[in-house]
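Report on the structure
Read off the chains here:
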Amino acid sequence: LFMYKHLHYSGGRWLFFLGVCLLLASPTIAQTISSGKKTTKKTAGSGSVAPVPPPVPPSPPPTPAMLERKDSLALAAKPEIERLDTIPKEQHKERAKSLFHLLLLEQYSILEKNFDTTKIAARAVHLERIWGAAKNILGEFRSISEIRSERQAIGDVVTVEAQFKNADFDFRFNFSDNHNVIGFSYSPSKHKYIPADSTLVGASSETEITVNSGEYTLPGFLTLPKDSAKQRFPIALLLHDQGPQDRDRSDNGYKPNKDLALGLGKLGIATLRYDKRMRLYQLKEKDVERYTINDEVVTDAVAALQTVRSLAKTYPIDTNRIVIIAPTLSAMVLPRILQQDELLSPSSRRVAGAVALALNYVKLYELMMPRFEHFFAQDGLTMEEVKQQTSIKRRIETVESSKLSLKTSIYDLPYGIPAKYWLDLRSYNHVEAISNLSLPLMLLYGEQDHDVDFTMNGLAWKKKLEGKGNVEWKSYPKLFHLFAEGNGTIRDYDRKGNVDAGLINDIAQWIGKR
C-alpha cells in the first residue's frame, strides 16, 4: 500500500526509472495493489492473495547455438548453485549476492525456486524475457561496487550495486522476516549524496536515539553542535512528507533532513530526526479501515516531542526553545500535532515555533492534477498518460463525492489510500486551522516547486496570512520542492543536490529569535 502511495506521490518521477519492478511485497491488500492489477487468485488451502503472472507469448524454438550456450552457462553456474545451498537463510546479503550472480548466468529456474512466488508475479520465463532485453542494453558486467542491507516495513531490502559497460544499476532483493525472497527489482543506480560542505560533518555530533510511539520503535539521530560554550541548545524536530521516508528524507541524491541537521548543527542548533513508521512497519490488515493521517504523522510527531523533552535530562537541550520543521504533509497537520502535544503533556512548555516547508493551500488530493499537468501535459500526452489523467480526475471526483464511504474501493481513491483517510482529511479545514495558530510561524517556498505549485499554494498563503504578526513568509526564486536549486522540471529529482545554505541560515536566524 505504501509503495503504491509513494510512487504516485512522487509526481510521476517513477516513470523515469528504467528498471522493471517485479517485486511486490506484503501479503493481503498491499500485495494486490503493488502488483498494479485487480487480477488475483486464491492460493490453494489458504486465504492469502497471490499475484497472477502475466501470460507470455510462445518463444521460437532454440537454435543449436542457443542450446550450446545454455549448457555452457549451466556448467559455469554449478559452483554458485552449490554455494547458494550452503548459505544460512538469515544471511540475506550473501544470498542476494549469489542470486545476482545466478541472474548474470541466466539461471532463471533456480531464481524462481528461490523466490516466494506467492508474493512475486514472476516465473523463469518472465525473468528470461525481461533480463534478456535488459542485459543487451547494459552491456558487459564489470563488478559489484557495494552490497548493502536496509530494514524496511516489508523486511530487509538488500541492494546489489553493479557496474556494467553502459550503466550502473541497483538490484534489490526483498527478504521477509522469515527469510523468504518476496521481492526483486532493478533500476538505474541512484546518485550518491554528498554534504554541501565537508566542514559540516565535523561541526556536530550524532547520537542514535529511539522514538517510542505506542507499540512502535522508531530509530533516529540526535544531532548536537560541538559548541561547548553554550549551556543549552535550541532544538528543531525534523518531520516527514508523504511516503515511506527515512530519517533523512532520502530522495535519489538528496537528503533534505540530513542537510538541515548538519547545517543547523554548525549554526548552534540541535536537531532530532527519525525514520517514519510506515518505512519500518507494515500496516496491519485490521487497521486498514481506520487508517488516517494521525497514524501516518501526528501520533509519532507528538511522541518525538516527548522524546526531545526526555533527552533534555541527559543532553544540553533547551526545552523552552523547541521548534518543528515540517514539510508539506506534516506542515498541513501542525495544528493537530500541537493540540495533541498539549493534551498529552499539559505541564510541559509549549513548542516555541514552527517552520512550514512548501505548505499546501489546496487539499492534498487537489495537488495531483496540477503536478501531473506540469510534468507531463506540457509536451503533449501519450495515450497511456491520457489514461493516467482520466484516472486521476476520477479519483479526485470520488473523494469530493457525497458517495464516499468506508466501503469505497481503494482502486477508486488517490494514491490507493483507504477511504477513512480521505473522510478524515475532508472534514479537516487545514487552512483555517493554521490561520488560527498563535505561535510563531515561518512559511518557506521554492518558486521552482511544481509538486506543491508555488502560485497556487505559496502565493495563496502569503495573501491569506498577510498582516499577521506571528507569521514570516519567504520564497526562493531558484529552489524546487526539496529546497535545492532546480529549474522546475522532473529532472530536478534525477540528480544529487543539497538544501540551499541561505535557506538554512534564514531558518537558524529565525530560531535564534525564539
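These figures come from a predicted structure and were not determined experimentally.

Burial within strand 13 (residues 441-446) is extensive, with six of its six residues counted as buried. Both faces of strand 13 are covered, namely the face carrying L441, L443 and Y445 and the face carrying M442, L444 and G446. Judged from the six bridges that link them, strand 13 and strand 14 (residues 471-476) form a sheet pairing that is parallel. For L444, the partnering residue across the bridge sits in strand 14 and is K474.

Our focus in this paragraph is the confidence of the model for the protein. Residues of the protein with pLDDT of at least 70 account for 87%, and the chain-wide mean is 85. Considering only residues more than four positions removed or in separate chains, one finds that residues 1-51, a stretch of pLDDT under 50, has 130 contacts.

The space that makes up the second largest pocket amounts to roughly 710 Å³. Around the second largest pocket sit 23 residues that line it, and M66, K70, E106, Y108 and E128 are the ones nearest its centre. Broken down by secondary-structure element, the contributors of at least two residues to the lining of the second largest pocket are helix 3 (64-86), helix 5 (108-114) and helix 6 (124-138). The element that contributes the greatest number of residues to the lining of the second largest pocket is helix 6, accounting for eight residues. The residue inventory of the lining of the second largest pocket, partitioned by class, reads twelve nonpolar, five polar and six charged.

Taking a probe equal in size to a water molecule and rolling it over the atoms shows the remaining empty space. Going through the model one piece at a time under the given rule, you end up with five cavities of 30 Å³ or more. When its volume is computed, the second largest cavity comes out at roughly 80 Å³. Around the second largest cavity, the lining residues are R249, P256, L260, P327, L357, A358, H481, L482, F483 and V499. Each residue belonging to the lining of the second largest cavity can be placed in one class, and the counts come to eight nonpolar, one polar and one charged.

Per the stated rule, a full pass over the model turns up 27 salt bridges. Notably, a salt bridge pairs R247 with D275, separated by 3.0 Å at the nearest N-O pair. Of the two residues, R247 sits in the loop between strand 9 (233-238) and helix 8 (256-266) while D275 sits in the loop between strand 10 (270-274) and helix 9 (277-280), which places them 28 residues apart along the sequence. No difference in accessibility class separates R247 from D275, as the two residues are buried. Of the charged contacts in the structure, one is a salt bridge between D506 and K474, with a shortest N-O distance of 2.8 Å. With D506 in helix 18 (residues 501-512) and K474 in strand 14, the pair connects residues that are 32 residues apart, well separated along the chain. Of the residues examined, K474 reaches a relative accessible area of 33% and is grouped as partly exposed. A single network of salt bridges, built from pairs that share partners, joins E146, R148, E161 and K192.

Turning to the sheet that holds strand 13, a few remarks are in order. As summarised here, the arrangement of the eight strands in space is 7-8-10-9-11-12-13-14, forming an open sheet in which the pairing is mixed. Sheet topology places strand 7 (204-213) and strand 14 at the edges, where each strand pairs with a single neighbour. With strand direction ignored, the average angle separating the axes of adjacent strands in the sheet is 20°. Across four bridges, the pairing between strand 12 (residues 353-357) and strand 13 is parallel. When the bridges of strand 13 are listed, V355 appears paired with M442. Strand contacts of helix 10 (residues 293-311): strand 7, strand 8 (216-225), strand 9, strand 10 and strand 11 (317-327), with the helix running at about 125° to strand 7, the strand carrying the most contacts. Lying over the sheet, helix 18 contacts strand 9, strand 11, strand 12, strand 13 and strand 14, oriented at roughly 175° with respect to strand 13.

Two descriptors summarise a pair of aromatic rings, namely the distance from one centre to the other and the angle between the planes of the rings. Applying the stated criterion across every chain yields a total of 24 aromatic pairs. Centroid distance F141 to F164: 5.6 Å. Interplanar angle 65°. Geometry classified as edge-to-face. On the criterion of sequence distance, the pair formed by F141 in strand 3 (residues 141-152) and F164 in strand 4 (residues 155-164) is long-range, its members being 23 residues apart. The exposure class of F141 is partly exposed, given its relative accessible area of 26%. The class of F164 is buried, set by a relative accessible area of 4%. Between Y216 and Y281 the ring centres are 4.9 Å apart and the planes differ by 65°, which places this aromatic pair in the edge-to-face class. Linking Y216 in strand 8 with Y281 in the loop between helix 9 and helix 10, this pair joins segments that are 65 residues apart in sequence. Residue classification places Y281 among the partly exposed residues on the basis of a relative accessible area of 26%. Aromatic rings pair up to connect F100, F115, W131, F141, F164, F169, F171, F173, F184 and Y186 into one cluster. Of note, R247 hangs over the ring of F221, and the distance from its end group to the ring centre comes to 4.7 Å.

Along the polypeptide, K190 turns up in the loop between strand 6 (181-188) and helix 7 (198-202). With 29 residues separating them along the chain, K190 and E161 place their C-alpha atoms 9.5 Å apart. Excluding residues that lie within four positions of it along the chain, K190 makes contacts with D170 and N252.

Conventions adopted
Residues numbered from 1 in each chain as written. Predicted model: local features only at pLDDT ≥ 70, side-chain atom pairs only at ≥ 80, totals over all residues. Heavy atoms only, no water. Buried < 20%, exposed > 50% of the residue type's maximum accessible area, 1.4 Å probe, protein only. Helix = DSSP H or I, 4+ residues; strand = E, 2+ residues; numbered from the N terminus. Pairing = 2+ DSSP bridges. pLDDT = per-residue confidence, 0-100. Contact = heavy atoms within 4.5 Å. 1 Å grid on protein atoms, 1.4 Å probe; cavity = no way out; pocket = protein on both sides within 12 Å on 5 of 7 lines; lining within 4 Å. Points joined across faces, edges and corners; volume = space filled by probe spheres on them. Nonpolar A, V, L, I, M, F, W, Y, C, P; charged D, E, K, R; others polar. Salt bridge = Lys/Arg side-chain N within 4 Å of Asp/Glu carboxyl O. Axes fitted to C-alpha atoms, helices over the stretch in contact; angles between N-to-C directions. Phe/Tyr/Trp six-rings, centres within 6.5 Å; stacked < 30°, edge-to-face > 60°. Lys NZ or Arg CZ within 6 Å of the ring centre and 35° of its normal.

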